[in-house]
Amino acid sequence: MGLSTATVTNAQETTEISKSDYVTTFNINDKSSLKTKARLYDMPTEVEEYVKDIFTKNKTARVTVYSPDSSPTITGGISTYKDGGRWKGERPYNGYILNDWIVQISNAFGMTDVNATGKFNKALKVYAGSVLVDKFVPFGSAGIALADFCFGNGTLRYAGSGDKVSCSPKYTSRTKFTYVKSNGSWILGARTHWVKLQGISWYCYIKKLHKDDIVKSKYVNKQFFSPNYKNPDAIAIRSTGIGGHLDDPYRWTIKNVTFTFE
């Protein structure tokens, strides 16, 4: 789906998960326990598939599900065409009834090699789809060499052949699944995103000095909301017939590497 605008904020983390609408909260520790939890908590098919994909990409991800379902059952989950549970916190909007499920992920990328040559003379850029929504310099000033950031002695060193740079972004994300009730069934209307980039750990090796700094961390704590995350109802009721609207996830780019936050 196309993306129009996005919201960036450093304000206090969004608190929608503290609402009483989410009467059931449960953790899923690994892919093997997903099927049991999906049946027990009447998890919608789309949510189950999303969590399965998370563990396919990263087996050690920490997954928490915030559910409006107040009656765990072993009779089978709610699918797109079957309302098998009793959801609390239903809300009206323009004659429709809607509700949300949220999947929260606490995760970190593995150390990933990036281009080590030259100075980091451009701000790091955050995209949603093809739209630039934010840019910032994690070293404190533009044009500083990563080696100087890691070693911190004030003398700039320029990376050369044989030098190595890796980074590992740490983040928490939430994906909101907004459902619209139609003829007694819950139909997916929208999938939207929130992500908090908490920090970045760096590894740097300078061949000339035969020196490295195993981990140097920079805390960022920046929050990003996809265009419809805070108010998904309007787009949800317009999108049930096409399988639901999907806001684009966020991407963060440093030199030759792009990280996608989902």
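What counts and how
Residues numbered from 1 in each chain as written. Predicted model: local features only at pLDDT ≥ 70, side-chain atom pairs only at ≥ 80, totals over all residues. Heavy atoms only, no water. pLDDT = per-residue confidence, 0-100. Helix = DSSP H or I, 4+ residues; strand = E, 2+ residues; numbered from the N terminus. Contact = heavy atoms within 4.5 Å. Buried < 20%, exposed > 50% of the residue type's maximum accessible area, 1.4 Å probe, protein only. Pairing = 2+ DSSP bridges. Axes fitted to C-alpha atoms, helices over the stretch in contact; angles between N-to-C directions. Parallel < 35°, antiparallel > 145°, perpendicular 65-115°, else oblique. Nonpolar A, V, L, I, M, F, W, Y, C, P; charged D, E, K, R; others polar. Salt bridge = Lys/Arg side-chain N within 4 Å of Asp/Glu carboxyl O.

Right, let's talk about the confidence of the model for the protein for a bit. Per-residue pLDDT for the protein averages 79, and the proportion of residues at 70 or more is 77%. Per-element confidence in the protein is highest for helix 4 (residues 233–239), whose mean pLDDT is 95, and lowest for strand 1 (residues 7–9), whose mean pLDDT is 42. Predicted confidence for residues 1–14 stays below pLDDT 50, and this span has 41 contacts to residues more than four positions away or in other chains.

The next point concerns the pairing of strand 14 (residues 257–261). With burial as the criterion, only one face of strand 14 is covered, namely that bearing Val257, Phe259 and Phe261; the residues Thr258 and Thr260 on the opposite face remain uncovered. The turn linking strand 13 (residues 250–254) back onto strand 14 is made up of two residues, and Lys255 within it adopts a positive phi angle of 50°.

Despite not being glycine, Asp42 shows a phi value in the positive range, around 50°. Along the chain, Asp42 falls in the loop between helix 1 (31–40) and helix 2 (45–57).

For the pair helix 1 and helix 2, interaxial distance at closest approach is 10 Å and the crossing angle is 170°. Taken together, the axes of helix 1 and helix 2 lie roughly antiparallel to each other. On helix 2, the residues that touch Lys31, Leu34, Lys35 and Ala38 of helix 1 are Glu48, Val51, Lys52, Phe55 and Thr56. Its residues placed into classes, the contact of helix 1 with helix 2 shows four nonpolar, one polar and four charged.

Here the focus is the pattern of salt bridges. All told, the structure shown has six salt bridges when counted by the stated rule. Lys52 serves as the salt-bridge partner of Glu49, at 3.6 Å between the closest nitrogen and oxygen. Of this pair, Glu49 and Lys52 both sit in helix 2, three residues apart, which is roughly one turn of the helix. Accessibility expressed as a relative area gives 42% for Glu49, which makes it partly exposed. What makes Lys52 partly exposed here is its relative accessible area of 32%. We note a salt bridge from Lys222 to Asp134, for which the minimum N-O separation is 3.3 Å. Placement of the pair is Lys222 in strand 11 (residues 211–225) and Asp134 in strand 8 (residues 131–136), with a sequence separation of 88 residues.

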